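# Residue-level structural notes
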Amino acid sequence: MTDAPPRPTRSPRKIIVAIDGPAGAGKSTVARSLAWRFGLLNLETGAMYRAFALKALRANLPLDDSNALAGLASHTTIGLEAGEGDNRVLLDGDDVTGLIREPAVTEAASKVSVFPEIRAWMVRMQQQLGADGGVVMEGRDIGTVVFPNADVKIFLDAAAEVRGMRRFDQLGPRPCQQPEEVIRDLRARDERDRNRADSPLRPAADAVLLDSTHLTLEEVVRAAEDMITARISSSDRDALQQIDPSIAPSTREA
Ligand code: DC
């Protein structure tokens with residue numbers, strides 16, 4: 001009896017989907033839909049930076065003091081409880097999910113996330129969270145730094161005015177800011193995210209760019225779903241081919 005060919009080490013369905021892009025590009029909507037559609041855990045890494053920023057604000061730390069922030073990080077625990085919907089965010093064991101969307105925290109998260117010590121700590125936690133696969137992880141550096149080998153990488157973008165108006169519409173019937181202020185703040189955060197020295201926001205070389213300036217979010221979701229469907233089918237076929245070489249490989253070019 002001959003030995004059976006080795007099974008693939010990872011289930012083909014345990015994929016990692018990386019979604020990166022600036023604020024308001026529709027990452028959360030897309031990630032949530034993909035998680036629901038494909039049974040993946042949805043991990044929102046921005047929420048982790050936000051939770052840490054909340055702690056720094058509560059401690060009254062200067063947000064430009066990297067040593068003080070690194071010291072604070074050394075006795076901070078951040079938990080992200082992911083289902084197929086929104087994440088529950090725990091800061092030192094307390095549920096802060098409802099607090100981290102405040103404008104002051106949004107601003108602070110963008111500032112604390114420039115420091116390499118903070119980023120290295122976050123990246124380690126995020127890699128642990130996604131280690132078993134079966135996740136869609138969204139952020140700014142998932143395809144470039146956290147999971148450079150992700151199975152599918154999507155970089156979502158849209159014009160700043162369009163992203164700002166989406167954010168404004170999310171503020172509800174009594175918005176605390178005017179649309180111009182929302183767009184101005186978003187541009188300032190974009191600037192910081194794109195120009196920081198450590199892991200600036202940029203598409204991975206092998207990411208698919210989806211610009212939603214002239215698309216509805218439903219259209220963007222559909223495009224992303226198609227990409228994953230294609231990826232899952234081909235990896236399934238490739239995995240089966242390793243087990244049974246008589247099965248035709250998915251895409252082999254002559
Ligand atoms: O996605 P978000 O708006 O909740 O992210 C809040 C801030 O966290 C954002 O200004 C940049 C930072 N961030 C980051 O630097 N890297 C990530 N992977 C996720 C977020």
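Please refer to the structure placed before this passage.
About the criteria used
- Residues numbered from 1 in each chain as written.
- Predicted model: local features only at pLDDT ≥ 70, side-chain atom pairs only at ≥ 80, totals over all residues.
- Heavy atoms only, no water.
- Buried < 20%, exposed > 50% of the residue type's maximum accessible area, 1.4 Å probe, protein only.
- Helix = DSSP H or I, 4+ residues; strand = E, 2+ residues; numbered from the N terminus.
- Near = heavy atom within 4 Å.
- Polar contact = N/O pair within 3.5 Å; in protein donor to acceptor, adjacent residues only side chain to side chain.
- Areas by Shrake-Rupley, 256 points an atom, 1.4 Å probe, with all protein chains shown as cover.
- Nonpolar A, V, L, I, M, F, W, Y, C, P; charged D, E, K, R; others polar.
- Pairing = 2+ DSSP bridges.
- Axes fitted to C-alpha atoms, helices over the stretch in contact; angles between N-to-C directions.
- Contact = heavy atoms within 4.5 Å.

### Digging into helix α7 (residues 160–170)
Of all the residues in α7, the buried ones are Ala160, Arg163, Gly164, Arg166 and Phe168. Immediately beyond the C-terminal end of α7, within one or two residues, lies Gly172, with a positive phi of roughly 90°.

### Quick notes on the site of the ligand
In the region of the ligand, 14 residues are neighbours, and Arg50, Arg119, Arg140, Asp141 and Arg196 sit closest. Measuring from an oxygen atom of the ligand, one finds a side-chain N or O atom of Arg50 at 2.6 Å. Take Arg196: an N or O atom from its side chain is 2.9 Å from an oxygen atom of the ligand. For the ligand, whose free accessible area comes to 450 Å², the fraction covered by protein is 97%. The set of elements that each furnish at least two residues to the shell around the ligand consists of α2 (45–58) and α4 (103–112). In terms of residue count, α2 provides more of the shell around the ligand than any other element does, four residues in total. Looking at the shell around the ligand residue by residue, the class counts come to two nonpolar, five polar and seven charged.

### Some points on the pairing of strand β4 (residues 88–91)
Bridge analysis of strand β3 (residues 78–81) against β4 gives four bridges, and the strand direction is antiparallel. Residue pairing for β4: Ile78 is matched across the bridge by Leu91. Examined bridge by bridge, β4 and strand β5 (residues 94–95) share two bridges and lie antiparallel to one another. Following the sheet pairing, Leu91 is matched in β5 by Asp94. The loop that links β4 with its antiparallel partner β5 comprises two residues; one of these, Asp92, has a positive phi angle of about 50°.

### Focus on the sheet that holds strand β1 (residues 16–20)
Ordered in space as β2-β6-β1-β7-β8, the five strands form an open sheet in which the pairing is parallel. A strand with exactly one partner marks an edge of an open sheet, and here the two such strands are β2 (41–44) and β8 (208–211). Mean inter-strand twist for the sheet, computed between neighbouring axes without regard to direction, equals 20°. Note that β1 and strand β6 (residues 135–139) share five bridges and pair parallel. Looking at β6, one finds that Ala18 is bridged to Met137. On top of the sheet, helix α5 (residues 116–130) reaches β1, β2 and β6; it is set at about 160° to β6, its chief contact.

### Digging into the sheet that holds β3
Taken in spatial order, the three strands line up as β3-β4-β5 in an open sheet, and their pairing is antiparallel. Among the strands making up the open sheet, the edge pair consists of β3 and β5. In this fold α2 packs onto β3 and β4, with an angle of close to 35° to the strand it touches most, β4.

### Brief notes about the environment of Thr213
Following the sequence through the fold, Thr213 ends up in the loop between β8 and α9 (217–243). The class for Thr213 is partly exposed, based on a relative accessible area of 21%. Between the C-alpha atom of Thr213 and that of Ala160, which follows or precedes it by 53 residues, the distance is 8.9 Å. If sequence neighbours within four positions are ignored, Thr213 has contacts with Asp157, Ala158, Ala159 and Val162. A distance of 2.5 Å separates the side chain of Thr213 from the side chain of Asp211, its partner in a polar contact.

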